[in-house]
Amino acid sequence: IAEDVCAALEERGIILSVSETGKQLEKLFNENVTSQDAEFQLFTDMKVLMEDLKSRNIIIGLATADTETSAESCLGAIGVLEYFDYIGADDGRRKPKPDEEMFLEFAELFSLKAEEIAVVGDTYNDMIFARKNGGVAIGVLSGVSEAEDFGDEADYVIASIHELPGLLDRI
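Since we're looking at a predicted model, the values are computed, not measured.

Asks: How should the side chain of Thr44 be read in this particular structure?
Replies: Tracing the backbone through its elements, the reader meets Thr44 in the loop between helix H2 (18-33) and helix H3 (46-55). Given the relative accessible area of 17%, Thr44 is considered buried. Side chain to side chain, Thr44 and His162 meet in a polar contact 3.0 Å long. Once you skip the residues sitting within four places of it in the chain, Thr44 turns out to touch Leu49, Ile161 and His162.

So, in structure tokens, the structure goes:
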């Protein structure tokens, strides 16, 4: 994003450092998502869902394009941070999805086989992340995507994260 911003400004005669612009954008992003005014739309009682998953001895991880700061702030704000065993973020240290790095890190950390990992996500990129790395791809429609946006990449599609326990029972 910083590269695009700098390129657009350069066309107008404004020259900025991509590195410094990136740092400023990340700072602004983190300030915005960690502010007390940040609101999060939930589609189910997340604590109940997390407790259900934990009662099944499921290891819960997050692989996100957000920063670690924003992810932890969001999870903390909705009261579920304590349920996460792993948070992988596109924070300049890890490669972003669909690269295998976060998937393999999670698998190795918990001694899991690829096929034991379900990626539950709301984007085509999430489905590619699962497929490319040998996991199970579960598309969720309560986010940014419609069913057709997943193409043929989702193994399962659910209307809302609320339906995840029922899907797990069936599979």
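Asks: Honestly, helix H5 (residues 101-109) in this entry has me stumped. Any pointers?
Replies: At 3.6 residues per turn, the α-helix brings residues three or four places apart onto the same side. Listing the buried residues of H5 in full gives Met102, Phe103, Phe106 and Ala107. The buried residues of H5 occupy an angular sector of 135 degrees when projected down its axis, which confines them to one face. Among the exposed residues of H5, those oriented more than 90 degrees off its buried face are Glu108 and Leu109. The elements touched by buried residues of H5 are strand E1 (61-64), strand E2 (86-89), strand E3 (118-121) and helix H6 (124-132).

Asks: I would appreciate a short explanation of the side chain of Thr64 in the present structure.
Replies: With respect to the helices and strands, Thr64 occurs in strand E1. Beyond its immediate chain neighbours, meaning those up to four positions away, Thr64 contacts Ala71, Gly88, Ala89, Asp90, Lys97 and Met102.

The rules behind the values
Residues numbered from 1 in each chain as written. Predicted model: local features only at pLDDT ≥ 70, side-chain atom pairs only at ≥ 80, totals over all residues. Heavy atoms only, no water. Helix = DSSP H or I, 4+ residues; strand = E, 2+ residues; numbered from the N terminus. Buried < 20%, exposed > 50% of the residue type's maximum accessible area, 1.4 Å probe, protein only. Polar contact = N/O pair within 3.5 Å; in protein donor to acceptor, adjacent residues only side chain to side chain. Contact = heavy atoms within 4.5 Å. Arc of directions from axis to C-beta.

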